[in-house]
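So the chains spell out like this:
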Amino acid sequence: MNAVIHTGLFEAACAAQENAYAPYSKFPVGAAVLGESGNIYVGCNVENASYSAGTCAETSAIAAMVAAGDRKIVQICVVCKTGSWAPPCGGCRQKIRELGQVDTPVFVCNTDGRQEQFLLGDLLPSSFGPENLETTT
Ligand code: THU
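Summary of the structure given here. (Residues numbered from 1 in each chain as written. Predicted model: local features only at pLDDT ≥ 70, side-chain atom pairs only at ≥ 80, totals over all residues. Heavy atoms only, no water.)

1. So, the site of the ligand
For clarity, the cut-off: For this description, a residue counts as near a given molecule or strand if any of its non-hydrogen atoms is within 4 Å of it. A 3.5 Å cut-off defines polar contacts: any pair of N or O atoms within that distance qualifies, except that in protein one atom must be a possible hydrogen donor and the other a possible acceptor, and neighbouring residues in sequence count only when both atoms are side-chain atoms. Surface exposure here means Shrake-Rupley accessible area, sampled with a 1.4 Å probe, where a residue is shielded only by the protein chains that are shown. Residues are grouped as follows: Ala, Val, Leu, Ile, Met, Phe, Trp, Tyr, Cys and Pro are nonpolar; Asp, Glu, Lys and Arg are charged; all remaining types, including Gly, are polar.
For the ligand, the full set of nearby residues is Ser 25, Phe 27, Val 29, Asn 45, Glu 47, Cys 56, Ala 57, Glu 58, Ala 86, Pro 87, Pro 88 and Cys 89. The contact in question runs from an oxygen atom of the ligand to an N or O atom on the side chain of Glu 47, over 2.5 Å. For the ligand, the protein covers 75% of the area, taking 380 Å² as the surface of the free molecule. Partitioning the shell around the ligand into residue classes produces eight nonpolar, two polar and two charged.

2. A look at the state of the cysteines
Think of a disulfide as a covalent bridge from one cysteine sulfur atom to another cysteine sulfur atom. Convention followed: The criterion for a disulfide is a pair of cysteine sulfur atoms lying within 2.5 Å. Accessible area is worked out with a 1.4 Å probe on protein chains only. A residue is then buried under 20% of its type maximum, exposed over 50%, and partly exposed in between.
Applying the stated criterion to the full structure yields zero disulfides. Free of any disulfide, Cys 77 has its nearest neighbouring cysteine sulfur in Cys 109, separated by 3.7 Å. Here Cys 77 falls in the buried class, since its relative accessible area comes to 0%. Left unpaired, Cys 92 is separated from the closest cysteine sulfur, that of Cys 89, by 3.7 Å.

3. Considering the packing of aromatic side chains
Just so we agree on the cut-off: Two rings from Phe, Tyr or Trp (for Trp, the six-membered ring) form a pair when their centres sit within 6.5 Å of each other. Planes less than 30 degrees apart are called stacked, planes more than 60 degrees apart edge-to-face, and all others tilted. In DSSP terms, a helix is any run of H or I states spanning at least four residues, a strand is any run of E spanning at least two, and both are numbered starting from the N terminus.
On inspection of all chains with the given rule, the structure shows two aromatic pairs. Judged by centre distance (5.5 Å) and plane angle (40 degrees), the rings of Tyr 24 and Tyr 51 are tilted. Of this pair, Tyr 24 sits in the loop between α1 (9-18) and β1 (30-35) while Tyr 51 is found in the loop between β2 (40-44) and α2 (57-67), placing the two residues 27 residues apart along the sequence. The exposure class assigned to Tyr 24 is partly exposed, which follows from its relative accessible area of 39%. Since its relative accessible area comes to 65%, Tyr 51 is described here as exposed.

This is the structure in structure tokens:
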């Protein structure tokens, strides 16, 4: 069953994408996270001349959510440029997993309006999460 994207989430991710700092890849990405409070947090990719020091859009949006005090990702939307699409990278999937649920919707979009919806549990099956650190014996 597909979820309906939260009002304003796609637009917030598009606005963040316009501010992306991607001089090396020329692949600007924006992300918007809906937190449990109902607030929306945005991020963009921030690249670096030392390439591996760059940050993905999802990572910066999640950091903004945590800094504001929200602790649960209800939905997340990722927007990349026209003609492309950017499902979250492996590292970002794990970061979404930390504060999301297996049924958290992940909307993957571009500025054409193309939109696909995944569930986090399908993007990262059999994953390791906070509960795995709990002692069970
Ligand atoms: N990127 C993101 O920000 N999110 C994704 O979901 C995929 C890739 C960024 C990282 C890098 O700055 C650029 O896109 C090209 O890989």
